[in-house]
Amino acid sequence: MSDGAAPGRLPGADAASPSRPRIDDAVRGIGFIATGYAIIACADAAVKWSLPQVGPAGAMVWRGVFGALAIFILARGASLRPVNLRLIGWRSTLHCIVTIAYYVAWARAMPLAETYAVAAAAPLLMTLLAIPLLGEQVGWRRWTSTMVGFGGVLVMLNPGGALWRWESAMLLSGIALMALTRIWTRMLARTDSPATIAFWLLAAHVPIGLALLPVFPPPALLPDPVTVAALVFLGCANGVAHFLFARAFAVAPVSVLAPFEYSTLVWGLLLGLLIWGEFPATATLAGAGIVIAAGLYNLYRERLRARQARGRA
């Protein structure tokens, strides 16, 4: 959805460069991404609750069908034809791999908050990937804090601890791919609209989910009505959330938005405790705290660098 701007761009995207975003663009981006993560956490709780009846592959199909439909409605008749077809195809496919990694972990009873704790490494990976892919500059202080953050990941994965399981390694691999897809979202914003980016990401879940049905057959041919309602919510909420993500990365730099990935841990703690009575282990919370502190310091350094750049201009 171009909203009257040049094709493939959002209003204000031309006026704000990745290194010196306008303040209003940064605030808008933060609002988009914070809302998106709150919605996606509720959708994740819905799918985790539904997995015993539909399985990982079935949940992907439901997510894709209703998510793509939600984006189609949000687009309000705007063209969803991709410009950078190749990059959209790769991004959508890799994100499906990320989705199946999460769904398999949840199907094997991995708590919601623990998966989010592992996912807290994504902003650190995004900080590193933004250097070669977006040309963003990272000084020695942010390099140091990023390495400290990865030390926090090691604290979470202490041998014999709650996260010392093969599902955690699978999730870390998926999260590395997720960080790459977040960077590609920023790159795609130069050519494609947020609606196009989000639509094809979710549409890709349908054929890939169908292809994975023999590997992850659904326990029931047709889930009960309450589960159907949860799955419809899952798809629609994902459509809205990914639409917001695409808009956020189109108007604000990765380094500003990345730390808001941590908000899902708070939502995961609340939802996991309320629905399943889950609470992460002490080492998981301690490691997540280190990772989050490192990410917030990176955000502080990025803002300080932006102010200094404006002062020299």
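Just so we're clear, the structure is a prediction, and the values are computed from it rather than from any experiment. (Residues numbered from 1 in each chain as written. Predicted model: local features only at pLDDT ≥ 70, side-chain atom pairs only at ≥ 80, totals over all residues. Heavy atoms only, no water.)

Looking at the overall build of the protein chain
Here is step 1: For the protein chain, the helix and strand inventory stands at 12 helices and zero strands.
Here is step 2: Counting from the amino terminus, helix and strand elements in the protein chain follow one another as α-α-α-α-α-α-α-α-α-α-α-α.
Here is step 3: Buried positions account for 53% of the 313 residues belonging to the protein chain.
Here is step 4: Restricting the contact set of the protein chain to residue pairs at least 6 apart, pairs at least 24 apart contribute 89%.
Here is step 5: Here the protein chain displays about 13000 Å² of accessible surface, and carbon together with sulfur accounts for 70% of that area. (Helix = DSSP H or I, 4+ residues; strand = E, 2+ residues; numbered from the N terminus. Buried < 20%, exposed > 50% of the residue type's maximum accessible area, 1.4 Å probe, protein only. Contact = heavy atoms within 4.5 Å. Areas by Shrake-Rupley, 256 points an atom, 1.4 Å probe, with all protein chains shown as cover.)

Observations concerning a nonpolar patch on the surface
Here is step 1: A surface patch of nonpolar side chains, about 710 Å² in accessible area, is lined by Trp49, Val226, Val266, Trp267, Leu270, Leu274 and Ile275.
Here is step 2: Counting residues per element, the nonpolar patch draws most heavily on helix H11 (residues 263–276), which supplies five residues.
Here is step 3: In this structure, tryptophan 267 sits in helix H11.
Here is step 4: Judged by its relative accessible area of 33%, tryptophan 267 is partly exposed. (Patch = residues over 30% accessible without salt bridge, like charges linked within 9 Å, V, L, I, M, F, W, Y side chains within 5 Å. Salt bridge = Lys/Arg side-chain N within 4 Å of Asp/Glu carboxyl O.)

Re helix H2 (residues 85–107)
Here is step 1: The terminal C-alpha atoms of H2, which comprises 23 residues, lie 33 Å apart, in line with the 33 Å expected from a rise of 1.5 Å per residue.
Here is step 2: Once H2 finishes, alanine 109 follows within two positions and takes phi at roughly 70 degrees, a positive value. (Expected span 1.5 Å × (residues − 1).)

Quick notes on the packing of aromatic side chains
Here is step 1: For the structure shown, the criterion picks out five aromatic pairs.
Here is step 2: Aromatic pair tyrosine 37 and phenylalanine 245: ring centres 4.8 Å apart, planes at 45 degrees, arrangement tilted. Of this pair, tyrosine 37 sits in helix H1 (residues 23–74) while phenylalanine 245 sits in helix H9 (residues 225–251), and the two are 208 residues apart along the sequence.
Here is step 3: Since its relative accessible area comes to 3%, tyrosine 37 is described here as buried.
Here is step 4: Put simply, the rings of Tyr102, Tyr103 and Trp106 touch in pairs and so form one group of aromatic residues.
Here is step 5: Between the NZ or CZ atom of lysine 48 and the centre of the ring of tryptophan 276, over which it lies, the distance is 4.2 Å.
Here is step 6: The aromatic ring of phenylalanine 245 is capped on one face by arginine 182, whose charged end is 5.1 Å from the ring centroid. (Phe/Tyr/Trp six-rings, centres within 6.5 Å; stacked < 30°, edge-to-face > 60°. Lys NZ or Arg CZ within 6 Å of the ring centre and 35° of its normal.)

Re empty space enclosed by the protein
Here is step 1: This model, assessed by the stated rule, comprises two cavities of 30 Å³ or more.
Here is step 2: Its volume calculated, the largest cavity comes out at about 250 Å³.
Here is step 3: Counting only elements with at least two residues in the lining of the largest cavity, the list comes to H1, H2, helix H3 (112–119), helix H6 (166–188) and H9.
Here is step 4: When residues of the lining of the largest cavity are assigned to their parent elements, the largest contribution, six residues, is made by H2.
Here is step 5: Of the residues assigned to the lining of the largest cavity, the class counts are 10 nonpolar, five polar and four charged. (1 Å grid on protein atoms, 1.4 Å probe; cavity = no way out; pocket = protein on both sides within 12 Å on 5 of 7 lines; lining within 4 Å. Points joined across faces, edges and corners; volume = space filled by probe spheres on them. Nonpolar A, V, L, I, M, F, W, Y, C, P; charged D, E, K, R; others polar.)

Observations regarding unusual backbone geometry
Here is step 1: For arginine 76, which is not glycine, the phi dihedral falls at a positive 50 degrees.
Here is step 2: The residue arginine 76 is located in the loop between H1 and H2 in this model.
Here is step 3: On the accessibility criterion, arginine 76 (65% relative accessible area) is exposed.
Here is step 4: In the Ramachandran plot, alanine 109 falls in the positive-phi region, its phi being about 70 degrees despite a non-glycine side chain.
Here is step 5: Residue placement: alanine 109 occurs in the loop between H2 and H3.
Here is step 6: Judged by its relative accessible area of 54%, alanine 109 falls in the exposed class.

Quick word on the packing of H2 against helix H7 (residues 194–203)
Here is step 1: Interaxial distance between H2 and H7 falls to 8 Å at its minimum, and their mutual angle equals 50 degrees. Judged by the angle between their axes, H2 and H7 are oblique. Between H2 and H7 lies a crossing whose hand is right-handed. Within the contact between the two elements, H2 uses Ile88, Arg91, Ser92, His95 and Cys96 and H7 uses Thr196, Ile197, Trp200 and Leu201.
Here is step 2: Classifying every residue of the contact of H2 with H7 gives five nonpolar, three polar and one charged. (Axes fitted to C-alpha atoms, helices over the stretch in contact; angles between N-to-C directions. Parallel < 35°, antiparallel > 145°, perpendicular 65-115°, else oblique. Left-handed = near helix turned anticlockwise from the far one by under 90°.)

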